[in-house]
Amino acid sequence: MPMNVVVVMDPIGTIKIAKDSTFAMLLEAQKRGHALHYVVPGGLGMAGGVAHARLAPLRVRDDPSGWYELGPVSHRALETGDLVLMRKDPPVDADYIHDTQILGFAQRQGARVVNDPRGLRDMNEKLAALAFPQCCPPTVVARDAALLKAFVAEHGEAVLKPLDGMGGRSIFRARAGEANLNVILETLTGGGQHLAMAQRYLPEIVDGDKRILLVDGVPVDYCLARIPQGDEFRGNLAAGGRGEGRPLTERDRWIAAQVGPEMKRRGMRFVGLDVIGDWLTEVNVTSPTCIRELDAQFGINIAGQLFDAIEAGDQGP
């Protein structure tokens, strides 16, 4: 049955369609006959205790010279029959949290929201991995620079990062005794005001930071290994990494089996796991990517798998 697919995303005019997973979802929804509606940036709100959105009819096409057309903007309540794709990129700041709260109202009004707004609030993408300690490398999270520095000294080398970044931004590789370690920690913690994460450095990063996609808790059969290039240690595509598709290993499937059921229970219908070597480093729930690259390399249709699950009406708890 045709649905109204309402998308909350970053400005559609700025996306790179060859790499944008939200765009893949929109193409698939349109192909299935669903009506697309684009929420104008900043367009979520409340009126009379009801969740509303300023939105415009949307048409998409897989053409880099012009990939979207918008109709006139209107203002209406989000309601039963709406499927809302919440696909805004981090940071998960106050504005993002407020939008998820409004989408929680929309959910109670009968709209289906993917991913679940409560899960988006609860699952910080760096901290969420720590709910599965059996899958993770040694990790510490603290505001105290002395604790983080001691962790680096214990392991000899570590990766240090903030809890609210994406795309490889503000990630540091540091060695014990490094002259710049103090300033790195001061910068990340804001002089002890903000939490930062330290993970043991995994030399397997040279073979790629693997992105494993879960649809309703079940892994796609292939992952995208994002391989650092040149003098860069980060594999993130946004940091210049090269994407190489690979079949999942037994260890990849084991990690997915540890994480997947909890993601499904929480209504996290589309999730990206970051795995370096044998270790889970992040659980991405806000706007995981790599659909387009994997589809192109293996002739699959990941957005189709997602919409099959949605249309089957398997809504979880």
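Our subject is the structure listed above.
Residues numbered from 1 in each chain as written. Predicted model: local features only at pLDDT ≥ 70, side-chain atom pairs only at ≥ 80, totals over all residues. Heavy atoms only, no water.

Caption draft 1: Representation of the overall build of the protein chain. From N to C terminus, the protein chain includes eight helices and 17 strands. By the compact-globule yardstick of 20 Å for 317 residues, the protein chain fits well, its C-alpha radius of gyration being 20 Å. A total of 317 residues make up the protein chain; the buried ones form 50% of that total. In the protein chain, of all internal contacts separated by at least 6 residues, the share reaching a separation of at least 24 is 66%. Here the protein chain contributes 35 positively and 40 negatively charged side chains, and the mean placements of these two sets differ by 2 Å. (Helix = DSSP H or I, 4+ residues; strand = E, 2+ residues; numbered from the N terminus. Rg over C-alpha atoms; globule rule 2.2 N^0.38 Å. Buried < 20%, exposed > 50% of the residue type's maximum accessible area, 1.4 Å probe, protein only. Contact = heavy atoms within 4.5 Å. Lys, Arg positive; Asp, Glu negative; His and termini not counted. Charge placed at Lys NZ, Arg CZ, Asp CG, Glu CD.)

Caption draft 2: Region of interest: helix H7 (residues 291-298). Listing the buried residues of H7 in full gives Ile291, Arg292, Glu293, Leu294 and Asp295. On its buried face, H7 is in contact with helix H1 (21-31), strand E12 (209-215), strand E14 (222-227), strand E15 (242-247), strand E16 (270-276) and helix H8 (302-311). A positive phi of about 65° marks Gly299, the residue just after H7.

Caption draft 3: Focus on the side chain of Asp209. Turning to its location among the elements, Asp209 is positioned in strand E12. Residue Asp209 is classed as buried on the basis of its relative accessible area, which comes to 8%. Not counting chain neighbours up to four residues away, the residues in contact with Asp209 comprise Leu224, Ala225, Arg226, Asp274, Val275 and Ile276.

Caption draft 4: Summary view of the pattern of salt bridges. Within the structure shown, the criterion is met by 22 salt bridges. For Lys88, the salt bridge goes to Asp99, with nearest N and O atoms at 3.3 Å. In this pair, Lys88 is assigned in the loop between strand E6 (82-86) and helix H2 (94-108) and Asp99 in helix H2, connecting sequence segments eleven residues apart. Residue Lys88 shares its accessibility class with Asp99, and that shared class is buried. Between Arg253 and Asp221 there is a salt bridge whose closest N-O contact spans 3.2 Å. Residue Arg253 is located in helix H6 (residues 250-265), and its partner Asp221 is located in the loop between strand E13 (218-219) and E14; the two are separated by 32 residues in the primary sequence. (Salt bridge = Lys/Arg side-chain N within 4 Å of Asp/Glu carboxyl O.)

Caption draft 5: Structural context of the nonpolar core. Grouped together as the largest cluster of nonpolar side chains are 38 residues, with contacts concentrated most on Leu44, Leu78, Met263, Val271, Leu273, Leu280 and Val283. Contact partners of Leu44, with chain neighbours within four places excluded, come to Val8, Val39, His52, Ala53, Leu78, Asp99, Ile102 and Leu103. Ranked by size, the runner-up nonpolar core spans 35 residues in total, among them Ile12, Phe23, Leu83 and Val114. (Core = buried A, V, L, I, M, F, W, Y, C linked by side-chain atoms within 4.5 Å.)

Caption draft 6: Structural context of the sheet that holds strand E11 (residues 196-200). Pairing is antiparallel across the open sheet formed by four strands, whose spatial order is E8-E11-E9-E10. Each edge of the sheet is formed by a strand with only one pairing partner; in this case those strands are strand E8 (139-142) and strand E10 (172-175). Taking the axes of each pair of neighbouring strands and ignoring which way they run, one obtains an average angle of 25° across the sheet. Bridge count for E8 against E11 is four bridges, and the pairing is antiparallel. Note that in E11 the partner of Ala142 across the bridge is Ala196. Set on the sheet, helix H4 (residues 145-155) makes contact with E8, strand E9 (157-162), E10 and E11; between it and E11 the angle comes to about 10°. (Pairing = 2+ DSSP bridges. Axes fitted to C-alpha atoms, helices over the stretch in contact; angles between N-to-C directions.)

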